[in-house]
Amino acid sequence: MADFWRRYRRNKGAVVGLVVLILVVIMAATAPWLFPGSPWDMASAPFMPPGEMGMWLGTDSLGRDVAAGIAHGARISLLVGAVSTVAALSVGVTLGAIAGYLGGFVDDVVMRFTEFFQTIPSFVLAILLVAIFTPTIGSVVAAIAIVSWPPVARVVRAEFLSLRSREFVQAAEVLGKSRIAIVLGDILPNALSPIIVLASLMVASAILLESALSFLGLGDPNLMTWGFLIGSGRSVIRLAWWMSVFPGLAIFVTVLSLNLVGEGLSDALNPRLARGRA
Amino acid sequence: MEAGKLPGFLARRLLKAVAVVLAIVICNFFLVHAAPGDPASVMAGQSGAADAVFMEQLRRQFGLDQPLHVQLWIYLKSVLTLDLGFSHRQQMGVAALIMERLPATLLLTGAAFAFAVVGGVTLGALAAQRVGSWADSFITILALTFYATPLFWVGLMLVLVFSVWLEWLPSFGMSSVGAGYEGWAHVWDVAQHLLLPALTLGLFYLAVYARLTRATMLEVQDQDFVKTARAKGVPEGRITRAHVLRNAMLPVITFAGIQAGQLVGGSILVETVFAWPGIGRLAFEALLARDYAVLLGVFFCTSVIVVLFNLATDLLYAIIDPRVEVG
Amino acid sequence: MSLLRVENLTVALPPGADRAHAVEGISLTLEAGEILCVVGESGSGKSITANAVMGLLPKGLPVKSGALELLGQDLRGLASEELRKLRGDRMAMIFQEPMTALNPLMRVGDQIAEALQVHGAGGNAAARVQELLAAVNLPDPAAIAKSHPFRLSGGQRQRVMIAMALALEPALLIADEPTTALDVTTQMQILRLIREIQSRRGTGVLFITHDFGVVAEIADRVAVMQHGRIVEQGNAAQVLNAPEHPYTKALIAAVPKGAAERDLPPPAPELLRVLGLRKTYSRGGWFSGRVSVPAIQDADFSLARGETLGVVGESGSGKSTLARCIVKLVVPEAGEIRFDGTDLRPLSRAGWKPYRSRVQMIFQDPYASLNPRRLVGEAIAEGPITHGLPRAEALDRARELLALVQLDPSAMARYPHEFSGGQRQRIGIARALAMRPELLIADEPVSALDVSVQAQVLALLADIRKKFGLTMLFITHDLRVAAQICDRVAVMSRGAIVEMGPTSEVFANPRHAYTQALLASIPGRGWTAPAAA
C-alpha cells in the first residue's frame, strides 16, 4: 500500500486531480449549508452578471443563483456517476468473468450480446430509454449503466481469458481448488488493476453522459444538474454567457480530475506486479 | 486477405450485419412494449395520443389485439419494408422525415470524421517520431482537455467566441436564411456554417486518434520486423512509411469502427447546439414533443448507418491485413 | 586484414541496472570464411555485442569506448547514413524470432526486394528474389515470393530472413540465436544451410548462441561470455573438449550427457494406464465453418510405479496436450485414463478431487506458474489446506519443503517476483510435492531455464524422485534432457505416439523414421561433453 502511494505520488497531475476531486466532493457534501434553500428559488434579479449583488457567478433568467445551482448540481453529478458506474461494473464484470472463464459456447453468446450493445449508437439508445421510461434519476442511472457496461465486459473477459490459461491458474485447478476459489482467489485479484482504472474513467464518462442527457432536457425535472444549467443558458448565450460557461467549467474540472486520477491509478497499479517478468 | 476470398468474406459480414439490424428491430419492438402505457399511445406520442381515430388506426396496423409474436412479426415486416411509422405531429412518414434530414447529418459526421482521422493520425505520427516534442505535448493537452469537456459545451463556447464575440462565423443552421446563394457561393456558405459544428464534433476524436496513433506507432517501432528493416539498411523515413505507419493503422481502423456509434450520438448534441438540420436535430425536436415514432426511427436509422460503417471498416481491415481469417 | 575486428569494446548500461556495463573490454576478430560462435547464458551481453557491430544498439545503450572495424573501415567514426549504407550491403543480420522478424503486412518477395532497392540494386529485383529463395532451398520460389509471412512456417521464415540477409552478398553475417525458436529438426536444416552458404561464398559468420550443442555443430572458433566479458576464446575443438576457464567448464558440465546405459528399474505394479486417448480441437465462428485439428490420436501407454517415462516431440506434436488431458486441464473426448485401477476420464470435478492430491503437475514457465499476488508460503500450503489439512500443519510442511528444494525458509513471506527463474521453478516443485503425490507430471520443467540452472533443477528432480519413490511423466522437446532423466521414452509426432521403449534402446536403435530424423538432428551429437574435471 505504501508502495502504491509512492508510485501514485510520482504522477503530479494525479495528485492535483485527487485534491480537486476531494474539493468537489466536499462542495457537494456541504451544498445545503453553503447555499441553504432550494437552488430553484429566486435569489436576486434575473440576468445578473457575475460579481454583482453578491452573486459570484451571476443569476439566470429567473434570478436563480448559478453558484448555488453548481454546488447542488455536484451532488447529482457525482451520485449518478458513482451509482451508474457501480451498476455497469457489476453487469460488466459478471458477464466478462463468465465469458472469459467458461469460454466456448457461453463466451460466444455473451460476446455477441456485448458486441451488439457496442455496435448500436449508445447515446441514442440512452436518449430513447430515458425518454420512453420518463426522466427520473432512476431511469437516467439505468440508461447510463445499460450503455456503459460493454467495455467493462470486454476488458474483464480478455483478462480472464488470458489469466485462465496462465500456468498458475492451471496449477490451482490441479491442486483441486473449487471454481469459486480460483475465480475469486487467483483470477480476479490479478485482473483488478485494469478494472479499477476503467472504473475511474467510467465515473468520468457517466458524468459527461448525464450532463448531455439533462442538457437535452432528459434530466430528472425535480433535480438541479449541471447539464440542465447549460441547457437553460443555451438560448440566451448572447445575453448571459455566464449561465453556460460556469457549469461547463464545473463539469470540465470534475471530469478532468477524475481522468487524472485514473492515469495516476494506472501508473501506480501497472508496474506489472501482476504480469510476472518485471 | 487474398483477393479470391473477398466475396465469401463479404457475404459472411453482410449476414452478420443483417443479424445485428434484426436484433435492433426486435430491441425497438420490446422497448415500445416495455414502456409504461399502451403501445399505441407510445407509438403515437404525446400529440397523437389525443386523436382517437389515429390511435385506433395504429392498433389495427400493429395488430395490438393479437398475440405478442404476431405483433412482432407485423412490426418486423413493416420495418423491413422501410415503413418506420407515421409522425402524427409532423404529419409525415418517419422514413421520409429521416431521409430528408439524412444528407445534412452525413455531411456533418463525414466532415468531422475526416478532420479527426487526417488531423489525428498526422499529429500522432509526429508525436511518435519525437517523443517530448511540441506535437507530443500538444496532443497530450488536447486529449486531456477534450476527454473532460462535454461536447455540447465545446460547441457553445465556440459559438460564444467565434460568433458572439468575434462575429467571424455563423452560429446556427446550414446556410444563410434567404440569401439564395447558388453554385460556389452556396458551397462557400455551407462550408462556413459547417466549420464550427464539424470542429466541435471532430476535435474530441482528433485527440483520440492522435493518442491512439502515437501509442501504436511507438509500439510498432519496437517490433522485430522494424529492426529487420533497419538491419537491411532501409532509411528511417521509409521505415516509418512502409513498415511502421501501415501496421499502426490497424488499431486505428478497428477503433474507427468501434466509435462510429459515438460519432453519430455526438451529432445529436452538436446538431442541437448549432440548429443543424440533420437527424440529430430531428431527434431533439421529437424528444421535446415526445414523438416516440420518430425517436425509434432515428435509433433504427443511426444503427443501420453504424452497421454499414462497421462493414466498411471490416472490409478495409481485411484488405490491408492479409492475416484476417475468413469468418 | 581481418574481416571484423572488435577491440576493447565497452557498452554502457543505463544507470540503475544491475551492472555498469552491458559488455566490457570485449576483443575479438573474425576472418572471412570463418564461423565464430559467441556463447553465453541470458544476460551475458552476447546479443549486445552483435548489435553494437551492426550499429543497432538502442539509444539507452551507447558504445563508450573501443574500436569496431569492418574490412579495415572504422565503424564507430561513420555517420549514421554511411553506416546505414553498410547495413544489408556489407554486413547483414538474422534474428531469433522468425515469427515476428518479418513485416506481417508485406509480401515476402517485396521485403527481400526492398533490401535490394534501398541499396540501389533494385533493377531486376523480381528475378533476383526468386534466385535467392531458391538458394535457401525453399520450394516453389515464385509462390513463396508472393506469400505473406503468416502463410509460412517458422523454418521457412528463417530461410526467408537468410535469403534477405544474403541479397547483396555481404562479407559479414551476424546470426543472433537464429535457431533457438525452432524445432530441433528445423534447427538442423537451418544450421546446415548457414554452413553451406558460408563455405560456398566465404562469408564470415558471427553466430550468437546459448547452446553448446549448436557450437559443436557449427563453430570454427568460440568465444565464451559471462557478465559482459569474454572469459575464454579459442578454436572450437579446444574449448569444447578442454575448457580452461571455470565458467566454461561449469557450462559444459551442465550440458545433458545423452543416453547413458542405465539399468531398468525392477518390474513394479502399474500405476497409470492410458488407453485410446483422443482429443480434437475445433475452432470457427457462427458465421463460418468449423475446422477440426486432431491433437492426440489414440494414445496408449502405461507407467509402472517408480518409473519415469519421457514424452518427447516437437512443438505441436500433442505432448503437452497429453499431459494436460491426464490431469483434466484438457478434456479428451475418448479413451481411458486408468490411475491405480480407476478410470479418471469420466469423473466429475468433485469425483476428481481425491485424486488431485495423488497426481500433481509442474509447469514450464516459472514466470507464469506462480500467482504473483500470493506469498510463496501460502502458494505451497494452499493445496494441502484445500484438502483439509489444518493451516498450521500445512505451513510447517511448506517450510520443510522449501528446505528440501534448497530455498531459505525466509522465502515463505516473500512474493514470487523476488525470485529468479530457477528459484521459482523450485517453488513450483515444492507446491506439487506438498500434496504428497504418487504421480508427478512435469511439462517441460527446464526448457525456460539457462543451461546451468537447468542442470540444477534436473538434479533436484532426480533426487526427490528417488527420495519419495515418485512416478513421473516427463514432457520435453529436448532429447538430451530426456536421455538423461527418463527410464523409458515415448516419441510423439502429430498427435500420435510413434515409438516407445527403454531410453537407451530408442536412442541406440531408433526404429521409426521420425525418431531417426529427430535423433540425427540433435545438434553436436558427435560431441560428448567431457566430464567435469
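One structure accompanies this document, and this report is about it. Bear in mind the structure is a predicted one, so any value in this text is a computation, not a measurement. (Residues numbered from 1 in each chain as written. Chains lettered and ligands numbered in written order. Predicted model: local features only at pLDDT ≥ 70, side-chain atom pairs only at ≥ 80, totals over all residues. Heavy atoms only, no water.)

## Some thoughts on the overall build of chain B
Check the secondary structure of chain B and you find twelve helices and two strands. Secondary structure elements of chain B occur, N-terminal to C-terminal, as α-α-α-α-β-β-α-α-α-α-α-α-α-α. Principal-axis analysis of the C-alpha atoms gives chain B an extent of 80 × 55 × 40 Å. Relative to its full complement of 327 residues, chain B shows a buried share of 51%. Looking at chain B alone, contacts between residues at least 24 apart form 70% of all its contacts between residues at least 6 apart. (Helix = DSSP H or I, 4+ residues; strand = E, 2+ residues; numbered from the N terminus. Buried < 20%, exposed > 50% of the residue type's maximum accessible area, 1.4 Å probe, protein only. Contact = heavy atoms within 4.5 Å.)

## Looking at the interface of chain B and chain A
With 45 residues of chain B at the interface, the matching set in chain A holds 38 residues. There are two salt bridges connecting chain B and chain A. We note a salt bridge from Glu115(A) to Lys16(B), for which the minimum N-O separation is 3.4 Å. Here the element with the most residues in the side of chain B that touches chain A is helix α12 (residues 292-320) of chain B; it accounts for ten residues. (Salt bridge = Lys/Arg side-chain N within 4 Å of Asp/Glu carboxyl O.)

## Observations concerning the packing of aromatic side chains
One pass over the structure, following the stated rule, counts 17 aromatic pairs over all chains. Ring centres of Phe215(A) and Phe152(B) lie 4.2 Å apart, and the angle between their planes is 15 degrees; on these two criteria the pair is classed as stacked. Within this pair, whereas Phe215(A) is found in helix α8 (residues 179-215), its partner Phe152(B) is found in helix α7 (residues 151-165), the two belonging to separate chains. Here the aromatic rings of Phe339(C) and Tyr355(C) are separated by 6.1 Å at their centres, their planes lie at 90 degrees, and the arrangement is edge-to-face. Separated by 16 residues along the polypeptide, Phe339(C) in strand β14 (residues 334-339) and Tyr355(C) in helix α12 (residues 349-356) bring together distant segments of the chain. Residue classification places Phe339(C) among the buried positions, given a relative accessible area of 0%. Among the aromatic residues, those joined into a cluster by ring pairs are Phe113(A), Phe116(A), Phe117(A) and Trp149(A). The ring of Trp352(C) has Arg356(C) sitting right over it, with the charged end atom 4.3 Å from the ring centre. (Phe/Tyr/Trp six-rings, centres within 6.5 Å; stacked < 30°, edge-to-face > 60°. Lys NZ or Arg CZ within 6 Å of the ring centre and 35° of its normal.)

## Describing a nonpolar patch on the surface
Residue and element names in this part refer to chain A. A cluster of nonpolar side chains, namely Val15, Val19, Ile22, Leu23 and Ile26, defines an oily patch on the protein surface of about 410 Å² accessible area. Take Ile22: it is sitting in helix α2 (residues 12-34). Judged by relative accessible area, which is 46%, Ile22 ranks as partly exposed. (Patch = residues over 30% accessible without salt bridge, like charges linked within 9 Å, V, L, I, M, F, W, Y side chains within 5 Å. Areas by Shrake-Rupley, 256 points an atom, 1.4 Å probe, with all protein chains shown as cover.)

## Thoughts on the sheet that holds strand β5 (residues 73-74) of chain C
Residue and element names in this part refer to chain C. Sheet architecture is open: four strands sit in the order β2-β1-β4-β5, paired in antiparallel fashion. Since the sheet does not close on itself, it has two edges, and those belong to β2 (21-30) and β5, each with one partner. As paired elements, strand β1 (residues 4-12) and strand β4 (residues 63-70) share six bridges and run antiparallel to each other. Each residue of the ladder has a partner; that of Arg5, found in β4, is Glu69. With respect to the sheet, helix α1 (residues 46-54) is in contact with β1, β2 and β4, its orientation differing from that of β1 by roughly 115 degrees. (Pairing = 2+ DSSP bridges. Axes fitted to C-alpha atoms, helices over the stretch in contact; angles between N-to-C directions.)

## Quick notes on the environment of Asp365(C)
Inspection of the secondary structure assignment puts Asp365(C) in the loop between β16 (359-362) and α13 (376-386). Owing to a relative accessible area of 18%, Asp365(C) belongs among the buried residues under this scheme.

## Let's talk about the packing of helix α3 (residues 66-102) of chain A against helix α4 (residues 104-119) of chain A
All names here are of chain A. The N-to-C vectors of α3 and α4 enclose an angle of 145 degrees; their axes lie 7 Å apart at closest approach. For the pair α3 and α4, the sense of crossing is left-handed. Contacts between α3 and α4 involve Leu95, Ile98, Ala99 and Leu102 from the former and Gly104, Val106, Asp107, Val110 and Met111 from the latter. Looking at side-chain class alone, the contact of α3 with α4 contains seven nonpolar, one polar and one charged residues. (Left-handed = near helix turned anticlockwise from the far one by under 90°. Nonpolar A, V, L, I, M, F, W, Y, C, P; charged D, E, K, R; others polar.)

## Topic: the pairing of β16(C)
All names here are of chain C. Where burial is concerned, the two faces of β16 agree: the one with Val359 and Met361 and the one with Gln360 and Ile362 are both buried. Looking at chain direction, β16 and strand β17 (residues 439-443) are connected through four bridges and run parallel. Residue Met361 lies in a different strand from β17, and its bridge partner there is Ile441.

## Some details on the pattern of salt bridges
Residue and element names in this part refer to chain C. Tallied over the entire structure, the rule returns 43 salt bridges over all chains. Where Glu69 meets Arg5, a salt bridge forms, and the shortest distance between an N and an O atom there is 3.0 Å. With Glu69 in strand β4 and Arg5 in strand β1, the pair connects residues that are 64 residues apart, well separated along the chain. Residue Glu81 pairs with Arg84 through a salt bridge whose shortest N-O separation is 2.7 Å. Of this pair, Glu81 and Arg84 both sit in helix α2 (residues 80-86), three residues apart, roughly one helical turn. The class for Glu81 is partly exposed, based on a relative accessible area of 38%.

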